[in-house]
Amino acid sequence: MKYISTRGGAAPQGFCDILLGGLAPDGGLYLPEAYPRIGAAELAEWRDLPYHALALKLLQKFVDDIPACDLKAICDRTYSANVYRHCRPGGDAGDITPLTTLEPGFHLLELSNGPTLAFKDMAMQLLGHLFEYVLEKRGESINILGATSGDTGSAAEYAMRGKQRVKVFMLSPEGLMSPFQRAQMYSLQDPNIFNIAVRGMFDDAQDIVKAVSNDAAFKAKYRIGAVNSINWARVMAQVVYYFKGYFAATTTNDQQVAFCVPSGNFGNICAGHIARMMGLPIARLVLATNENDVLDEFFRSGVYRPRTTAETRVTSSPSMDISKASNFERFVFDLVGRDAAKVRELWAQVDAGGSFDLRGTEYLEALPAYGFASGSSSHAHRLATIRDVWTRYRVMIDTHTADGVKVAREHRTPGIPMIVLETAQPVKFAETIHEALGCEPSRPKELEGIEALPQRVEVVDASVDQVKAIITRNC
Ligand SMILES: *Cc1c(COP(=O)(O)O)cnc(C)c1O
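My aim in this report is to walk through the structure given alongside it, one point at a time.

Conventions we followed
Residues numbered from 1 in each chain as written. Predicted model: local features only at pLDDT ≥ 70, side-chain atom pairs only at ≥ 80, totals over all residues. Heavy atoms only, no water. Near = heavy atom within 4 Å. Polar contact = N/O pair within 3.5 Å; in protein donor to acceptor, adjacent residues only side chain to side chain. Areas by Shrake-Rupley, 256 points an atom, 1.4 Å probe, with all protein chains shown as cover. Nonpolar A, V, L, I, M, F, W, Y, C, P; charged D, E, K, R; others polar. Buried < 20%, exposed > 50% of the residue type's maximum accessible area, 1.4 Å probe, protein only. Helix = DSSP H or I, 4+ residues; strand = E, 2+ residues; numbered from the N terminus. Contact = heavy atoms within 4.5 Å. Pairing = 2+ DSSP bridges. Axes fitted to C-alpha atoms, helices over the stretch in contact; angles between N-to-C directions. Salt bridge = Lys/Arg side-chain N within 4 Å of Asp/Glu carboxyl O. Core = buried A, V, L, I, M, F, W, Y, C linked by side-chain atoms within 4.5 Å. Right-handed = clockwise from strand over helix to strand, strands pointing away. Phe/Tyr/Trp six-rings, centres within 6.5 Å; stacked < 30°, edge-to-face > 60°. Lys NZ or Arg CZ within 6 Å of the ring centre and 35° of its normal.

## Some words on the site of the ligand
So, point 1. Lining the immediate environment of the ligand, one finds 15 residues, of which K120, D151, G264, N265 and N268 sit closest.
So, point 2. Within the contact set of the ligand, an oxygen atom lies 2.5 Å away from a side-chain nitrogen or oxygen of K120.
So, point 3. Interatomic distance of 2.7 Å between a backbone N/O atom of G264 and an oxygen atom of the ligand.
So, point 4. In isolation the ligand offers 380 Å² of accessible surface; the protein chains occlude 96% of this area.
So, point 5. Along the lines of polarity and charge, the residues of the shell around the ligand split into five nonpolar, eight polar and two charged.

## A closer look at helix α12 (residues 294-301)
So, point 1. Burial within α12 is extensive, with six of its eight residues counted as buried.
So, point 2. Those residues of α12 lying buried are V294, L295, D296, E297, F298 and F299.
So, point 3. Contact partners of the buried residues in α12: β10 (282-289), β11 (303-304), α13 (328-335), β12 (356-357) and β13 (372-376).

## Quick look at the sheet that holds strand β5 (residues 142-147)
So, point 1. Strand order across the open sheet formed by five strands is β8-β5-β6-β7-β15, with parallel pairing between neighbours. One side of each edge strand has no neighbouring strand; the edge strands of this open sheet are β8 (224-225) and β15 (458-461).
So, point 2. Together, β5, β6 (166-173) and β7 (193-199) form the strand contacts of helix α8 (residues 202-214), whose direction differs from that of β5 by roughly 150 degrees.

## Regarding the side chain of R382
So, point 1. Among the structural elements, R382 can be located in helix α16 (residues 379-393).
So, point 2. Every residue in contact with R382, bar those within four places of it in the chain, is listed here: N290, E291, T315, S316, S317, S377, T399, A402 and D403.

## Here we look at the pattern of salt bridges
So, point 1. This model, assessed by the stated rule, comprises 29 salt bridges.
So, point 2. Notably, a salt bridge pairs R161 with D190, separated by 3.1 Å at the nearest N-O pair. Note that R161 is positioned in the loop between α6 (151-160) and β6 and D190 in the loop between α7 (179-186) and β7, a separation of 29 residues in sequence.
So, point 3. Classification of D190 as buried rests on a relative accessible area of 15%.
So, point 4. If you follow the salt bridges from partner to partner, you end up with D293, E297, R305, R307 and E311 in one network.

## Focus: the nonpolar core
So, point 1. Within the largest apolar cluster, 113 residues are counted, with the highest numbers of intra-cluster contacts made by F15, Y242, F243, F266 and F328.
So, point 2. Per-element accounting of this core gives the leading share, 13 residues, to helix α10 (residues 232-249).
So, point 3. Once residues lying within four places of it in the same chain are set aside, the contact partners of F266 are L287, L295, F299, A325, N327, F328, F331 and F372.

## Considerations on the pairing of β6
A regular strand places its side chains so that they alternate between the two faces of the sheet.
So, point 1. Taken across its eight residues, β6 has seven buried, putting it largely inside the fold.
So, point 2. The sheet contact formed by β5 and β6 spans six bridges and is parallel. Across the sheet, residue G146 finds its bridge partner in β6, namely M170.
So, point 3. What joins β5 to β6 is α6, and the crossover it makes is right-handed.
So, point 4. Where β6 meets β7, six bridges bridge the pair, whose relative direction is parallel. Bridge pairing links L171 to I196 in β7.

## Some points on the sheet that holds strand β14 (residues 418-422)
The strands making up a sheet associate through hydrogen bonds between their backbones, and the pairing can be parallel or antiparallel.
So, point 1. An order of β3-β4-β14-β9-β10-β13 is seen for the six strands of this open sheet, with the pairing classed as mixed. For this open sheet the edge positions go to β3 (99-103) and β13, each flanked by a neighbour on one side alone. This sheet shows a mean twist of 25 degrees between the axes of neighbouring strands, independent of strand direction.

## A word on the environment of P281
So, point 1. With respect to the element layout, P281 can be found in the loop between α11 (267-277) and β10.
So, point 2. Classification of P281 by relative accessible area gives buried; the value is 16%.
So, point 3. Along the backbone, P281 and Q256 are 25 residues apart, and their C-alpha atoms lie at a distance of 5.0 Å.

## Topic: the packing of aromatic side chains
So, point 1. Evaluated as defined, the whole model comprises 28 aromatic pairs.
So, point 2. Note on F298 and F328: the rings are 5.0 Å apart at their centroids and 75 degrees apart in plane angle, and the pair reads as edge-to-face. Taken together, the residues span a long stretch of sequence, with F298 in helix α12 and F328 in helix α13 at a distance of 30 residues. F328 carries the same exposure label as F298, and that label is buried.
So, point 3. Ring-pair connections join several aromatic residues into one group, and the members of that group are F266, F298, F299, Y304, F328, F331, W347, F356, Y370 and F372.
So, point 4. It is K468 that lies over the ring of F218; its NZ or CZ is 5.2 Å from the centre.

## Quick look at the side chain of D151
So, point 1. Its location among the elements puts D151 in helix α6.
So, point 2. At a separation of 2.6 Å, a polar atom in the side chain of D151 contacts the side chain of S319.
So, point 3. Not counting residues within four places of it along the chain, the set of residues in contact with D151 comprises A118, K120, Q181, S319, K428 and F429.

Dropping the structure here:
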């Protein structure tokens, strides 16, 4: 399996060669040169597999430069019930991604039982093991530099902590994450984890990461790497749970399902699109946004109009507060018939701060065949949905999942099970849960009182030089 760039200007590469990098050298995103098709026989064979075994089957379709026995060991270690042990009270602790049925034909697929209580663990944990494996083989090491507004940073740190050949330098906006999120990251005492709080906003932190990555000499000297959501391995890892969710919500492979996905950077739902392209019987992929509705607007109108950061609203589902969806380019590459020149043309407009409009083109005519639907949600919807799901089913959901449930309800089709992806546990967003329900969400026992643990964090100005100095001092 070779990987190509959505902008057509990079030589095809093997999986291990694209694993450690971010963007392709031509500025595009990597995708497999063709999606493997899963036939009826394989689908039947896979139906009853536990998560780690299903993951191995799927990963083998995309990875041909890691020996099967090594890949198996990686999957076994990554998807162990011991890692995904924070299941909901009364849930099935033996299942990595339990399906909770709210009512017949309406389900939640729980993806946030991992160490940081958000679905990003599902992919980031795999990345941790893959990085370790490939770096070990090559005798190399890497320094990961990232910026986070909450979930990504903690998922990356928990996946990389204690890894010999990896150091993580994670920037976060000082004082802007929830106390729980701060405690999750800053209480880590592993010597390879460096938390850097920037006096500024998330965008200031993000700009510093970009500036450091654009300094080619510094980047090469300090072997700076990234684990952001455009990393192909993260998308690949997420394809697995669509298969798992499908099997859990159906009894035979003649049935179809719909998924509803709370979306920000289009990474999660992009994996759903790929699962569908591989032949998984997905009737509908329903994309849910919050007030930041760039993607909903595209799927309703054919106009993709990224917002400026000033236009981006701060909401109570903060992990979906995006101005442009970095993974969206992967889907558009498929939509335009994998015409890299067309993608270059469209993203020349986007990268210059503009938008593109597919109305009246053959591409918009092709869109319905991809099965997407979409909708958006607001703070008032979130509160009402959290309350409704709690009263009706006694299930507590977080604010992002609430956006998903709200939009999913608008797109149900009789006879087709709807599976909403649960992207985080309520305890991460306790303030809004309190506003909706007047009570505190429960939290896993071992995370009780983490806010009181000693914290390791260095506070800096929004200065590229101060961040570089920390990296230089510690490498
Ligand atoms: C990251 C995140 C999302 C958005 O996922 P994308 O892959 O960026 O679309 C939604 N909900 C939660 C809780 C997240 O952490």
